[in-house]
Amino acid sequence: MSCEITTVDDLRTDPPTRKCSTSSTNSTNSTNSTSSTNSAGSMATSDGDVDVAAVAIPSSAVVVYVTDDAVATMSVVGCRGDRTRATVVSVDESSSDIHTDRDECSSDESCNGPDSPTGLKRVGSVYDFGLDEADSPPPCANHPFAAGPDADLTKVARKQLRMIREVDVAVCHLNHTNTIISKILSSKYLRRWENHQIRLQDDCITSNTPSGFLSKTIGYEAIKDLYPVKRWDSNFKYCLRVVVTNGSYLLQTTNQYLRDQILYSILWKKNVQETQTLLKSQSDPDDMLKELQNIVDFAKNIPLVDDEIFHMPTFIASTLMTRDQEKYCKQSWEKALIGTLRPLIEDCPPSAEMCSFLSHHCKDQSSLPIIKDSLVYTITRILKHNFDFARTLTARTLVQDYIKALYIQDRSGESIRYFLSRVHSASAVCPHNRVLPNMVSTCITAIYSASEELPANCSEAEFDCYYTNHLRCYIVVLQNISEYSDWLYGLAQLLRPLPFPALLLIRSIFMEDISSVILKIGLHEDCEIHKQVLAVRETKDGWFDLCSPIEAVFCGSSIVWTQLLKTLMACERCKKKKLLKNLKAKHLGTCVSEALKNNKIVMDVLCLMLEWMVVEDLHQRNQIVDTLKSTEFGRNVYDEFMSRQNQLLELQRKGGPQNLSLPARGTDLDLNSMFDCGPFGNLESVDLAFTNVTDTCANTLIKLPSLKVLNLWGTQFGDSGLLIISDHLTNLQVLNLCETKVTDRGIVSLISLINLKKLNLNSTKATVRSVDVLKKKLPGLHEVDVRYSFAW
């Protein structure tokens, strides 16, 4: 019987895809090769089918032993210097089983080889996931972790695997004894497989149905080796071998990914248990730091994605600190511990114990230079991912203590400004929706907590000192938040309900600090932002009301209040008549007092109150007139007001047409000039269709309070004009806004037109929401045309 020996130099491809050159030998050489192989010694295979022999061959070769009716494959099982042990792993006429380099572990020999799982070297109590060919077995064709490009698990260390806690697998148990019976029962023809749902607990592997092979648990301390088997035989693939003291377990999965998940999950659990066991027996703090460093390195490199990977090392450290605080909680040791855990606390939210530990060091200024940069990522992650700080009080306390520590270190606020620049995205718009509300709520909560510690009847000096040391840091955060334009609207909404203790709202030092934030909000050009300084409801006070110069907080200073009033009155989108009514109800005395001080902005406001008939009480109207006449500028303003009133009386005098149409291409100026021609007291219908009028014409139209029909079809009329009309033309019954620029904002304001019956919104940007609001608020509105609208 002849045989051929084939030497394969390229071991990076799977056996079915290799193309090998062969050389024929005579039967004599074949016999000599066989006898020399047998003389090297025999060893039983895991299948127990034939005796196997080991020969010394170069590490770069694989020997295929071929006969006329059988094929035997020698594969690498270990390394000794520049020589490699090769073992015949199968001789079969029908098929040739392909095994890994560890398949001989089912024999009576020990499976504690020098190489670690996945060809990784063990360092201390963890595995080093850096592939180092000098310390790991040389790659072979059948090795599941060969470095070749076609190997299935070549890049397993770079995968992102989810940790497994429960999984369904097929289990087979193999005995490692020298008896013939055990070898026969371990044969591939007699193996028995059982289906189990295994559970990876903290200390052992159990089955949800403990019976058969898994009637007893498998403790991690009993696991001697752990590695995958690429192909156990032709029918069983994706197996994982768990070697214990007196045998081994084969865990078969449905795919390679699931097998890798189980492999690294068991590997993680085993190393965590070993680390905890070692730390319990250690007494030297330096040795403990080394063990913690090992588990941290292991957590950084293991290809598992799970919160436990980051939480467990910090939990171990926290347990260690609470076990013997006097011994381990020393400043130098704690600093070293923070440096050790820094890679983990930067990438994951810390546990409650770790938050308490870090808060303790935030209060210690000597430790702040170490944790100042380390905690930026931790604080950012807390602010990004927390939905409810009520459930994570330690995390909120950590953020508060960190902010306070930054301010104490640098009272100029530069450290806080730098911290917020790191928290905010590098782009113009921060994409993290929860950062702003979490940051603001954290500061407000800290302010409330610190205010409760104030004495009941503390003096002004005591309050100022306490405020500077314990409260101002959080106001500095709000001041820096207001510098970001994308955060300003959200900040304005959060601060609109005055979410501060009443004790602070009457203190000048607090109001002076917060006024810079209020000015950023109140002076913004966007109406949606600056209107947030007004009260949420008419019965409540807003920031505009608190900044009144009559209030004792500002001690007569009207700068902030006047600037806010100027912005609100200059805004074309604000409902000025409503604002004037609010001023008359709450701040008429303030307006009169400021007008006497020659405040020109307030004088214009008082004249507008008279012109729009906001003040109906005769005594109050006389008071306003007397106030305006008391100064030279006020007399000029009042004279201009009286001139406009005379023109208005002439316009509203009975007479003139009932219907009026502006010619095509007419402008706002043309409409104004037309009304200067004579009385229009009987005018009820105005047709401005297809003209060039804009929102400015609303200031002219409001002089016609008896107007019932208004046609603005095809004009440049928009939301600002609708806001003015809705305040004054309460008798309007028919309004045509077809092909205008109006949107939901202006349309919703029409709810004040209680007599409106017909509304044309054809070809506008009206939506279902605004039309539904009108139908609910205006029961007399029985016809609404919304054809070709934006959202229909």
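Residues numbered from 1 in each chain as written. Predicted model: local features only at pLDDT ≥ 70, side-chain atom pairs only at ≥ 80, totals over all residues. Heavy atoms only, no water.

Taking an unreviewed UniProt entry as the reference, the protein is identified by name as C-Maf-inducing protein PH domain-containing protein belonging to Acyrthosiphon pisum.

A. Region of the structure containing the overall build of the protein. Helix and strand content of the protein: 30 helices and 23 strands. The buried share of the protein, reckoned over its 792 residues, is 51%. Residue pairs at least 24 apart in sequence account for 66% of intrachain contacts in the protein once pairs closer than 6 positions are excluded. Of the roughly 36800 Å² that the protein leaves accessible, carbon and sulfur atoms contribute 50%. (Helix = DSSP H or I, 4+ residues; strand = E, 2+ residues; numbered from the N terminus. Buried < 20%, exposed > 50% of the residue type's maximum accessible area, 1.4 Å probe, protein only. Contact = heavy atoms within 4.5 Å. Areas by Shrake-Rupley, 256 points an atom, 1.4 Å probe, with all protein chains shown as cover.)

B. Here's a closer look at the nonpolar core. Trp-268 and Trp-543 are the most contacted members of the largest nonpolar core, which totals 189 residues. Setting aside its immediate chain neighbours within four residues, Trp-268 contacts Met-163, Ile-295, Phe-298, Ala-299, Ile-302, Leu-304, Glu-308, Ile-309, Met-312 and Pro-313. (Core = buried A, V, L, I, M, F, W, Y, C linked by side-chain atoms within 4.5 Å.)

C. Structural detail: the sheet that holds strand β19 (residues 685–687). Taken together, the 6 strands give an open sheet; going across it, the order is β18-β19-β20-β21-β22-β23, and neighbouring strands pair in parallel fashion. Each edge of the open sheet is held by one strand with a lone partner, namely β18 (659–661) and β23 (783–785). Here the average twist between neighbouring strands, direction ignored, is 5°. Pairing geometry for β18 and β19, over 3 bridges, is parallel. Counted as the bridge partner of Leu-660 is Val-686 from β19. (Pairing = 2+ DSSP bridges. Axes fitted to C-alpha atoms, helices over the stretch in contact; angles between N-to-C directions.)

D. How the structure looks around the packing of aromatic side chains. Using the criterion set out here, one finds 11 aromatic pairs in the structure. A cation over an aromatic ring shows up here: Arg-507 above the ring of Phe-463, its NZ or CZ 4.3 Å from the ring centre. When the ring centre of Phe-633 is taken as origin, the NZ or CZ atom of Lys-600, which lies over that ring, is 5.0 Å away. (Phe/Tyr/Trp six-rings, centres within 6.5 Å; stacked < 30°, edge-to-face > 60°. Lys NZ or Arg CZ within 6 Å of the ring centre and 35° of its normal.)

E. Summary view of helix α28 (residues 719–728). Burial runs high along α28: 10 of the 10 residues are buried. Within the span of α28, buried status applies to Asp-719, Ser-720, Gly-721, Leu-722, Leu-723, Ile-724, Ile-725, Ser-726, Asp-727 and His-728. Where α28 is buried, its residues meet α21 (576–586), α27 (698–701), β20 (709–711), β21 (734–736) and α29 (744–748).

F. Looking closely at the layout of surface pockets. For the largest pocket, the calculated volume is near 1200 Å³. What lines the largest pocket is a set of 44 residues, and nearest its centre among them are Leu-608, Glu-611, Trp-612, Asn-699 and Ile-702. Residue composition of the lining of the largest pocket, grouped by class: 17 nonpolar, 12 polar and 15 charged. One number sums up the size of the second largest pocket: a volume of about 710 Å³. Lining the second largest pocket are 24 residues, with Arg-496, Lys-531, Leu-534, Lys-575 and Lys-578 positioned closest to its centre. Counting only elements with at least two residues in the lining of the second largest pocket, the list comes to α21 and α29. (1 Å grid on protein atoms, 1.4 Å probe; cavity = no way out; pocket = protein on both sides within 12 Å on 5 of 7 lines; lining within 4 Å. Points joined across faces, edges and corners; volume = space filled by probe spheres on them. Nonpolar A, V, L, I, M, F, W, Y, C, P; charged D, E, K, R; others polar.)

G. Quick look at the side chain of Arg-396. If you trace the backbone, Arg-396 turns up in helix α10 (residues 393–409). Of the side chains bearing the opposite charge, Asp-388 lies closest to the buried Arg-396, which forms no salt bridge; the N-O distance is 7.0 Å. Beyond its immediate sequence surroundings of up to four residues, Arg-396 is in contact with Phe-389, Thr-442 and Thr-445. (Lys, Arg positive; Asp, Glu negative; His and termini not counted. Salt bridge = Lys/Arg side-chain N within 4 Å of Asp/Glu carboxyl O.)

H. Local environment of the pattern of salt bridges. Enumeration over the complete set of coordinates arrives at 22 salt bridges. A salt bridge links Arg-644 to Glu-611, with the shortest nitrogen-to-oxygen separation between them at 3.2 Å. Linking Arg-644 in helix α25 (residues 632–651) with Glu-611 in helix α23 (residues 600–611), this pair joins segments that are 33 residues apart in sequence. Exposure remark for Arg-644: the relative accessible area of 35% places this residue in the partly exposed category. Taken together, the shared-partner salt bridges in this structure form one network comprising Arg-165, Asp-202, Lys-269, Asp-306 and Glu-308.

I. How the structure looks around the pairing of strand β16 (residues 247–252). With 6 of 6 residues buried, β16 is to be regarded as a mostly interior element. With 6 bridges joining them, strand β10 (residues 166–175) and β16 adopt antiparallel strand pairing. Across the sheet, residue Asn-175 finds its bridge partner in β16, namely Gly-247. Judged from the 6 bridges that link them, strand β15 (residues 237–244) and β16 form a sheet pairing that is antiparallel. The residue bridging Cys-239 from the neighbouring strand is Gln-252, located in β16. Linking β15 back to β16 in an antiparallel pair, the connection comprises 2 residues.

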